[in-house]
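In case you want the letters, here they are:
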Amino acid sequence: MVRPTIADIATRAGVSKGAVSFALNGRPGVSDATRERILKIAEQMSWRPHSAARALGASRVDSVGMVIARPARTLGVEPFFAHLLSGVQSGLSAESISLQLLIVEDTAAEIEVYRRWASEHRVDGVILVDLTVKDPRVDELKALELPAVVIGGRGGKGALASVWADDRDAMLSIVEYLAALGHRRIAHVAGTPIFQHTQRRIRALRDAAPRLGLLDAPSLTTDFSDAEGAAITRKLLSQSDRPTAIVYDSDVMAVAGLGVAMEMGVSVPGDLSIVAFDDSILTQLMHPALTALSRDTFDFGRQAAEVLLETIADPATVINRRTSDPVLTVRESTAPPA
């Protein structure tokens, strides 16, 4: 017999999974009548908490963890992470849950932090970012029985809960727009190659190139820093058959690329169109303002916090929540090629 989950109870009761979680864990957020109805349905369905959830519930610390394995200097200028963390904290604070944030140098150090947190029971769950190809963190967290949610990709093909948007469709929306303007030489200044979202974007451009009649569509990887974004741009614009459009995997690199174009006397958008994969105040304040993919990163983080709290309440249910795809916001940095 299949064991009923929080999702099953929510469907039967006609409420959200969050409301069921609040009711079953005695937390505020639902009316007394709704709580009583949910508890009655749970009893009728013979629902019992997952063993890991029982153990966790007996000693909740009301804190979750987030470890980011990126250079601290790079993160310091990333508007994306600032908005994401604000959203995560907002979702957690609503339930009086604190966030422990650590920045480490690599994945091995990140895994050591998870092991220590699990052994010392420092957190009730964790939030993962930057899912990598064959990511070792997924199996490690499953072995530790530490509730987790992945931001930006399906964790281990659904082994962990996740909150994500489709990077492939997002990249295609950019490339198809540039091709419609008449661009046939489109370069991609990509992020770190080991990240799954970087690979999805690279594949999207590569697969679309023949269909759109592109003559050249290289993807050059970086560490997401402004310095590498600038260096790659300088290399691209020094070629005899230089691209007429460049797509950058971050707003910071796009701004750096715009600076290089100005330095080299390349007019934007007259000689070169620029698009940023992330929108921010940086892209909006540039002159020309940069065309970019816009999404509510704050809400992205808030939803991740919500899914993690549901996972902590019921570890047996794996939630994979797809959010709305980013929308291309056209500004002054794109135009038909000369």
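Residues numbered from 1 in each chain as written. Predicted model: local features only at pLDDT ≥ 70, side-chain atom pairs only at ≥ 80, totals over all residues. Heavy atoms only, no water.

**Brief notes about the nonpolar core**
Okay, step 1: Formed by 25 residues in total, the largest nonpolar core has its most connected members in Leu84 and Leu92.
Okay, step 2: Sorting the residues of this core by element identifies β1 (63-68), α6 (79-93), β4 (148-151), β5 (161-164) and α14 (297-313) as the ones contributing at least two each.
Okay, step 3: When residues in this core are grouped by element, the largest group, seven residues, is from α14.
Okay, step 4: If we skip the residues at most four places from it in the chain, leucine 92 touches Val64, Ile97, Ser98, Leu99, Ala305 and Leu309. (Core = buried A, V, L, I, M, F, W, Y, C linked by side-chain atoms within 4.5 Å. Buried < 20%, exposed > 50% of the residue type's maximum accessible area, 1.4 Å probe, protein only. Helix = DSSP H or I, 4+ residues; strand = E, 2+ residues; numbered from the N terminus. Contact = heavy atoms within 4.5 Å.)

**Some remarks on the domain arrangement of the chain**
Okay, step 1: What the domain assignment lists for the chain is domain 1 (6-48), domain 2 (63-165 + 297-325) and domain 3 (167-294).
Okay, step 2: Computed from C-alpha atoms alone, the centre-to-centre distance between domain 1 and domain 3 is 48 Å. (Domains from an automatic or database assignment.)

**Brief notes about the side chain of serine 63**
Okay, step 1: Here serine 63 is to be found in strand β1.
Okay, step 2: For serine 63, a relative accessible area of 5% puts it in the buried group.
Okay, step 3: Within the structure, the side chain of serine 63 is placed 3.4 Å from the side chain of glutamine 100, a separation counted as a polar contact. (Polar contact = N/O pair within 3.5 Å; in protein donor to acceptor, adjacent residues only side chain to side chain.)

**Remarks on the sheet that holds strand β7 (residues 219-221)**
Okay, step 1: Judged by pairing direction, the sheet is mixed, and its six strands sit side by side in the order β7-β6-β8-β9-β10-β12 without closing on themselves. Looking at which strands have only one partner, the edges of the open sheet turn out to be β7 and β12 (327-329). Mean inter-strand twist for the sheet, computed between neighbouring axes without regard to direction, equals 20°.
Okay, step 2: Bridge analysis of strand β9 (residues 273-276) against strand β10 (residues 291-294) gives two bridges, and the strand direction is parallel. The partner of valine 275 across the bridge, within β10, is threonine 291.
Okay, step 3: Lying on the sheet, helix α11 (residues 226-237) is in contact with β6 (186-190), β7 and β8 (245-248); it crosses β8 at an angle near 160°. (Pairing = 2+ DSSP bridges. Axes fitted to C-alpha atoms, helices over the stretch in contact; angles between N-to-C directions.)

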